[in-house]
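What the coordinates show
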Amino acid sequence: MRLNGKIILEGIGLHSGRECEVEIEPCESDSILVRSGENEMPIEKMNLNGTNRGSDYIFPDGERIRTCEHVFSALYGMGIYSGVRVSVKGGEMPALDGCARTLCDEILKHSCPEPEARDILKVSEPMIVYAEDRTRFVAAFPCDNLHITYTVEYKYIGAQVLDFIFTPENYYANISNARTFAMLSDIEYLRAHGMALGGTLDNAIAISENGIQASGGLRWPDEFVRHKTLDLIGDLAATGRPLKAHIIAMKAGHELHLKLSEKMRGE
């Protein structure tokens, strides 16, 4: 798919709680260009950090764009891998609906089909990234398509497993509308450390011993693992190329996702 019109989205940053804006427009580039102020770089050249409850993209001078995962998930998930410039104002992507559906709908309005990209990243041999305790990991294995198997386990939710074969149509229908979530017990800590200041029940699901709070209720019983798959797809965008691999994620998160993407950049 190729973008053929400009998209502008405004809203509150999930962590900063401040007004921010993202403008996505077509450009003549064989990559996705990321811009903030005077800085601009191809997505696959940027430094990455996933330790702050989101995926941060960092320019060489240290300027950081926070919580990029949902915007890049929408682009990657809808099959846009190049030919766009993503310009951010406010240092963070707007939280919008806490998932990727709003941007996906805008992409459908402002895009046209194009042949599958030729510069496909094919994983040639297994690679794996572990957390320090080695109980959590994300791995990539050779495969003829993009196949994701994700397992999560959380207090009050239990274990959920999703086995997902990627296509833009499957992504839109079954992944793009899955919302971010957090434990209520974590909110006070996060806000004391400058995070989750823009989180509300309009853009997130809250989980506690008293149950699950979600505007309109859960969209799927396994919405949590679907959202982690949404995050993973957004973090795979950091490779800068469409991917053919079987990704297996076990209780992973942004830090592990991005470390695997960095590893695959060398393929």
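The present account deals with the structure reproduced in this document. (Residues numbered from 1 in each chain as written. Predicted model: local features only at pLDDT ≥ 70, side-chain atom pairs only at ≥ 80, totals over all residues. Heavy atoms only, no water.)

1. Quick look at the overall build of the chain
From N to C terminus, the chain includes six helices and 19 strands. Summarising its shape, the C-alpha atoms of the chain cover approximately 50 × 40 × 35 Å along the three principal directions. Counting only residues that meet the buried cut, the chain has 57% of its 267 residues in that class. For the chain, the exposed surface amounts to about 11,900 Å²; the carbon and sulfur share of it is 47%. (Helix = DSSP H or I, 4+ residues; strand = E, 2+ residues; numbered from the N terminus. Buried < 20%, exposed > 50% of the residue type's maximum accessible area, 1.4 Å probe, protein only. Areas by Shrake-Rupley, 256 points an atom, 1.4 Å probe, with all protein chains shown as cover.)

2. Here we look at the nonpolar core
In this structure, Ile24, Phe72, Val86, Tyr171, Leu243 and Ile247 are the most contacted members of the largest nonpolar core, which totals 64 residues. Setting aside its immediate chain neighbours within four residues, isoleucine 24 contacts Leu3, Gly5, Lys6, Ile7, Val71, Leu75, Val84, Arg85, Val86 and Leu103. Core analysis: the second largest hydrophobic core is formed by seven residues, Ile157, Phe181, Met183 and Ile207 among them. (Core = buried A, V, L, I, M, F, W, Y, C linked by side-chain atoms within 4.5 Å. Contact = heavy atoms within 4.5 Å.)

3. Re the packing of helix α5 (residues 223-236) against helix α6 (residues 254-264)
Think of two packed helices as two axes; the pair is described by the angle between the axes and how far apart they sit. Where α5 meets α6, the axes come as close as 9 Å, and the angle between the chain directions of the two elements is 30 degrees. Crossing of α5 over α6 shows right-handed handedness. Packed against α5, whose contacting residues are Lys228, Asp231, Leu232, Asp235 and Leu236, the element α6 presents His254, His257, Leu258, Ser261 and Met264 at the interface. In terms of residue class, the contact of α5 with α6 is built from four nonpolar, three polar and three charged. (Axes fitted to C-alpha atoms, helices over the stretch in contact; angles between N-to-C directions. Left-handed = near helix turned anticlockwise from the far one by under 90°. Nonpolar A, V, L, I, M, F, W, Y, C, P; charged D, E, K, R; others polar.)

4. Remarks on the pattern of salt bridges
Under the counting rule described, the total for this entry stands at 13 salt bridges. Across the pair aspartate 119 and arginine 241 runs a salt bridge, and its minimum N-O distance is 3.4 Å. In this pair, aspartate 119 sits in the loop between β10 (111-112) and β11 (121-122) while arginine 241 sits in the loop between α5 and β19 (243-250), placing the two residues 122 residues apart along the sequence. Through salt bridges with shared partners, a single ionic network connects Lys6, Glu23, Glu25, Arg35, Glu40 and Arg85. (Salt bridge = Lys/Arg side-chain N within 4 Å of Asp/Glu carboxyl O.)

5. Focus on the pairing of β19
Note: β11 against β19, two bridges, orientation parallel. Across the sheet, lysine 122 pairs through a bridge with lysine 244, a residue of β19. As paired strands, strand β13 (residues 137-141) and β19 are joined by five bridges and run antiparallel to one another. Note that in β19 the partner of alanine 139 across the bridge is isoleucine 248. Inspection of the sheet shows strand β14 (residues 146-154) paired to β19 by six bridges, in the parallel sense. When the bridges of β19 are listed, tyrosine 150 appears paired with alanine 249. (Pairing = 2+ DSSP bridges.)

6. Focus: empty space enclosed by the protein
Inspection of every chain in the model, using the stated rule, returns one cavity of 30 Å³ or more. Of the voids in this model, the largest cavity is the one considered here, and its volume is about 100 Å³. Lining the largest cavity are 15 residues, and of these His70, Val71, Pro94, Ala95 and Cys99 lie nearest its centre. For the lining of the largest cavity, the elements supplying multiple residues, two or more each, are α1 (69-77) and α2 (101-109). (1 Å grid on protein atoms, 1.4 Å probe; cavity = no way out; pocket = protein on both sides within 12 Å on 5 of 7 lines; lining within 4 Å. Points joined across faces, edges and corners; volume = space filled by probe spheres on them.)

7. Side note on the pairing of strand β17 (residues 205-208)
Burial along β17 is two-sided: Ile205 and Ile207 facing one way and Ala206 and Ser208 facing the other are all buried. Traced from strand β16 (residues 181-183) through helix α4 (residues 184-192) to β17, the parallel crossover comes out right-handed. In the sheet, β17 pairs with strand β18 (residues 211-213) via three bridges, with the strands oriented antiparallel. If you follow alanine 206 over to β18, its bridge partner there is glutamine 213. Linkage of β17 to β18, two consecutive antiparallel strands, is achieved through a turn of two residues. (Right-handed = clockwise from strand over helix to strand, strands pointing away.)

8. Here we look at the packing of aromatic side chains
Here the structure, examined in full by the defined rule, presents five aromatic pairs. Put simply, the rings of Tyr154, Phe181 and Phe224 touch in pairs and so form one group of aromatic residues. Over the aromatic face of tyrosine 172 sits the side chain of arginine 101, whose NZ or CZ is 4.2 Å from the ring centroid. (Phe/Tyr/Trp six-rings, centres within 6.5 Å; stacked < 30°, edge-to-face > 60°. Lys NZ or Arg CZ within 6 Å of the ring centre and 35° of its normal.)

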